[in-house]
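Spelled out, the chains give:
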Amino acid sequence: MRIEVENLTAEGKPFEQTYAPGELALEDEFAALVSDVRAWGRASRKSDEVRVQGSLQTSVELRCDRCLGPAPMPVNVDFVANFVRAGDPVAEAGELHDEDLEVSVYDGHSVDLDELVREQILLALPARRLCRDDCRGLCPACAKNLNTESCDCARHETDPRWAALAEIKDSE
Ligand SMILES: [Zn+2]
Ligand SMILES: [Zn+2]
């Protein structure tokens with residue numbers, strides 16, 4: 001869905017859009033949409049500047065960093081996005097806005113809501129992805145999932161990083 005800029009006013013116009021999981025490509029190989037994405041809000045315009053304020057809800061399945069299993073995550077985001085017209089010399093010089101205000105560019109006619117929603121979902125994904133906080137991960141020796149299985153591999157309780165530190169200590 002594209003929001004036509006010409007029709008927008010300073011008071012704003014409401015929008016609402018639902019995407020099936022197949023309609024938005026997240027382009028993150030370890031994140032997949034597992035439910036519809038609902039997005040709604042208001043879009044307004046002052047001269048050539050467009051502001052899209054909204055919310056979105058969906059759920060995403062990530063891959064757990066430790067056990068590589070599925071890690072489901074609900075996504076509930078409120079967002080504000082500002083757009084300036086492409087080619088606007090003042091806007092492109094970056095003089096119009098303070099640094100912490102996120103500004104994108106639109107083509108002069110319309111704002112791509114699909115792209116905005118996709119970006120907002122990606123921004124909401126955590127850097128550290130775990131299926132649960134206490135995920136035990138995979139055995140480094142036999143690769144069994146230690147959440148569901150046990151193994152007889154000699155287990156050092158230490159994290160590899162601590163082991164590396166211990167080696168340094170030993171050599172001192
Ligand atoms: Zn896990
Ligand atoms: Zn093992």
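Whatever comes next refers back to the structure up there.
Not measured: the values here are computed from a predicted model. (Residues numbered from 1 in each chain as written. Chains lettered and ligands numbered in written order. Predicted model: local features only at pLDDT ≥ 70, side-chain atom pairs only at ≥ 80, totals over all residues. Heavy atoms only, no water.)

Engineer: Teacher, can you tell me more about the coordination of the zinc ion (ligand 1) here?
Structural biologist: Expected angles at a metal are 109.5 degrees for tetrahedral coordination by four donors and either 90 or 180 degrees for octahedral coordination by six donors. Here the zinc ion (ligand 1) is held by Cys64 (SG), Cys67 (SG), Cys131 (SG) and Cys135 (SG), and the distances to it run 2.3 Å. Angles of 107 to 113° at the metal separate the four donor atoms of the zinc ion (ligand 1), which places the site in the tetrahedral class. Accessibility expressed as a relative area gives 5% for cysteine 135, which makes it buried. (Donors = N, O, S within 2.8 Å, 3.2 Å for Na, K, Ca; no water. Tetrahedral: all angles 85-135°; square planar, octahedral: opposite > 155°, others 65-115°. Buried < 20%, exposed > 50% of the residue type's maximum accessible area, 1.4 Å probe, protein only.)

Engineer: It is not clear to me how the packing of aromatic side chains should be interpreted in this structure. Could you clarify?
Structural biologist: Two aromatic rings, taken as a pair, are described by how far apart their centres are and by the angle between their planes. The final tally for this structure, using the stated rule, is zero aromatic pairs. The ring of phenylalanine 30 has arginine 63 sitting right over it, with the charged end atom 3.8 Å from the ring centre. (Phe/Tyr/Trp six-rings, centres within 6.5 Å; stacked < 30°, edge-to-face > 60°. Lys NZ or Arg CZ within 6 Å of the ring centre and 35° of its normal.)

Engineer: Mind showing me how you'd approach the coordination of the zinc ion (ligand 2) here?
Structural biologist: With distances of 2.3 Å, the protein atoms coordinating the zinc ion (ligand 2) are Cys139 (SG), Cys142 (SG), Cys151 (SG) and Cys153 (SG). With four donor atoms in place around the zinc ion (ligand 2) and angles of 106 to 112° between them, the coordination shape is tetrahedral. We note that the donor set of the zinc ion (ligand 2) lies within a single chain, spaced as C-x2-C-x8-C-x1-C. With a gap of twelve residues between them, cysteine 139 in the loop between helix 2 (113–124) and helix 3 (160–171) and cysteine 151 in the loop between helix 2 and helix 3 connect regions that are remote in the sequence. Each member of the pair, cysteine 139 as well as cysteine 151, carries the same accessibility label: buried. (Helix = DSSP H or I, 4+ residues; strand = E, 2+ residues; numbered from the N terminus.)

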